[in-house]
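Next come the chains, spelled out residue by residue.
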Amino acid sequence: MLFNSLEFLFIFLPLTLALFYTVRRFHYEAALGVLALASVVFYSYWNPPFVLLLLASVGVNFVLGQKLSKWALLPKARQRKKVVLTFGVAANLAAIGYFKYANFFLENISAMTGQDYGVLDDIFLPLGISFFTFQQIAYLVDCYKGVTKEYKFTHYALFVTFFPQLIAGPIVHHKDMMPQFLNPEKGNKLLGSIALGITVFCIGLFKKVVIADYMATLATPVFSAAERGLPVTFFEGWAAALAYTFQLYYDFSGYSDMAIGLGLLFGVKIPVNFFSPYKATSIIDFWRMWHITLSKFLKDYVYIPFGGNRYGEVKRMRNIMLTMLIGGLWHGAGWTFVIWGGLHGLYLVVNHLWRQAGFAMNKIFGWGLTFVAVVMAWVLFRAESLDGAVGMYKAMLGTNGVVLPGTYAAYFGPLSPTLAELGLVFADENMAYFGGISMVAALFSVLVLTLVMPNTSQVAQYKGHKVPHFASFLQWRPHVVWVLVSVALFFISLIQIWGGAASEFLYFQF
């Protein structure tokens, strides 16, 4: 079930809220059970058989976590703890390895050995497996370290299955979520959370169905053409790469906003996952602002266990590269994702070496360099194959020609001949994917919106964030104005949804 679908907005969500708060009046623990059950129903709507996988994962990890927590402070149980943790991590990785990576490894083994091992045609990737698997691995590791408590099964099940973040995160941590289930908000504080949650959800819905889905119409045809080996021109390539850059951000941050908003409707604060990453002036800052919960997971459970920065600079850079390669592979079973992760690892290594050398960089230049580097890397993230990525890079480097429609020559006046000598061609042929002034205006408008406007967390003062002083009028408050804004955003989004089928979120694929 999609957050941007009519059945979710007008059936599932109202019924779940009504049932949860009705039961909560009489028995809070029972209300948590209702919410956990509703989350399972939410997941089953997509593909009922995979609910068994989800429930098995929750059950097994809960039992293992209980054992690890019980033995955490017993010196004599050290060996048993290691065996249980190893089994738990291996079981989780085996599940995600089979469903997500089995065919990827079979294809590569076939390529390396020259023998055809075939593929498993009956494998279908369960939604959210990348998120709930990593979430539970982190939980088991923390149980092993003795930093968790022995929670009730209802609390643990809800921690994993809570429907706002079940499918595409944010990746939540037990220390952030469990206390909220144990100590629920009440009275005016709860009412304030509900009011804020409605606004945040409406902002996220608008970002997804109005901005992201429109950007998709600009990006998809060009990437599809490159995938088919068709020549894409310079401006078409860059327009598509920029459109996808904005599509991915507003799609995923829109989902995260909706998840936060939905959590607040139930009095639960879900972690911030984005904080204006395209305003970053370095790649290091970018990864502090993009998919924040994944970055934190990779740091705490991959980078630091590898050794972090404890064993000298050479090993530190190695650990950064390994962490980013694993992060790339986590996103998808394909070499495009691995190379994307490696490219960002290289970016980070260069950025750290630059800082260690004591070099300074103008903020505007730093922003421009960072943004272009991120856009170039997103091509690999979006392309369906290495051939498709190469086709896009050829276009963006101008090897397929730098072409504008013939009518545009008049806009440049006497400069047209000079531009022609430099390689700019004015022709109406081979411009099937260039949307002209309207496309440029749309991309420029979204760029300005992204760079100038405060992000959702700032608008909502979520987790203490505040809007910049110049935008103080945008600070959310429980006022009739924000009621009208929320209603307007919702109905504009609803018009878009009503016009066609609800589109899936991009991170459903990862």
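Before any of the text, the structure's been laid out above.
The numbering scheme is per chain: residues are counted from 1 as the chain's sequence reads. Selection of residues for local features in this predicted model requires a pLDDT of at least 70, selection of side-chain atom pairs for listing and counting requires 80 or more, and totals for whole chains, interfaces and linings are taken over all residues. As a convention, hydrogens and water are excluded, and side-chain values are obtained from all of the structure's heavy atoms.

With respect to the pattern of salt bridges
We define a salt bridge as a contact between a side-chain nitrogen of Lys or Arg and a carboxyl oxygen of Asp or Glu at a distance within 4 Å. In total, this model carries nine salt bridges according to the counting rule given. Residue Lys-208 pairs with Asp-251 through a salt bridge whose shortest N-O separation is 2.7 Å. Of the two residues, Lys-208 is situated in helix 9 (residues 187–227) and Asp-251 in helix 10 (residues 234–265); the sequence distance between them amounts to 43 residues. For the salt bridge of Asp-300 with Lys-296, the shortest nitrogen-to-oxygen distance reads 2.7 Å. In this pair, Asp-300 and Lys-296 both sit in helix 12 (residues 292–306), four residues apart, roughly one turn of the helix. Exposure categories follow from relative accessible area, calculated using a 1.4 Å probe and restricted to protein chains: below 20% of the type maximum is buried, above 50% is exposed, and the middle band is partly exposed. The class for Asp-300 is partly exposed, based on a relative accessible area of 24%. Salt bridges here are not isolated pairs; linked through shared partners, they connect Lys-208, Asp-213 and Asp-251. The numbering of helices and of strands both runs from the N terminus, where a helix is a DSSP run of H or I of at least 4 residues and a strand a run of E of at least 2.

Some words on helix 19 (residues 436–452)
In an α-helix, one turn spans 3.6 residues, which is why side chains three or four residues apart end up on the same side. Taking 1.5 Å of rise per residue, 17 residues should cover 24 Å, and helix 19 covers 24 Å from first to last C-alpha, within 8% of that figure. Along helix 19, the residues classified as buried are Gly-436, Met-439, Ala-442, Leu-443, Val-446 and Thr-450. Seen from one end, helix 19 has its buried residues packed into an arc of 140°, which puts them on one side. Opposite its buried face, helix 19 presents the exposed residues Ile-437, Ser-438 and Phe-444, each directed more than 90 degrees away. Residues are treated as being in contact if the distance between any of their heavy atoms lies within 4.5 Å. Looking at the buried positions of helix 19, the neighbouring elements they touch are helix 9 and helix 10. One less than the number of residues in a helix, times 1.5 Å, gives the span that helix is expected to have. Taken from the helix axis, the directions to the C-beta atoms give the arc we talk about.

Concerning the nonpolar core
Residues enter a nonpolar core if they are buried and are Ala, Val, Leu, Ile, Met, Phe, Trp, Tyr or Cys, with the set joined through side-chain atoms within 4.5 Å. By size, the foremost hydrophobic cluster in this structure holds 158 residues, and its most contacted members are Phe-3, Phe-8, Phe-163, Trp-290 and Trp-378. For this core, the element with the highest residue contribution is helix 10, accounting for 17 residues. Excluding residues that lie within four positions of it along the chain, Trp-378 makes contacts with Tyr-244, Thr-245, Leu-248, Tyr-278, Phe-286, Trp-290 and Trp-340.

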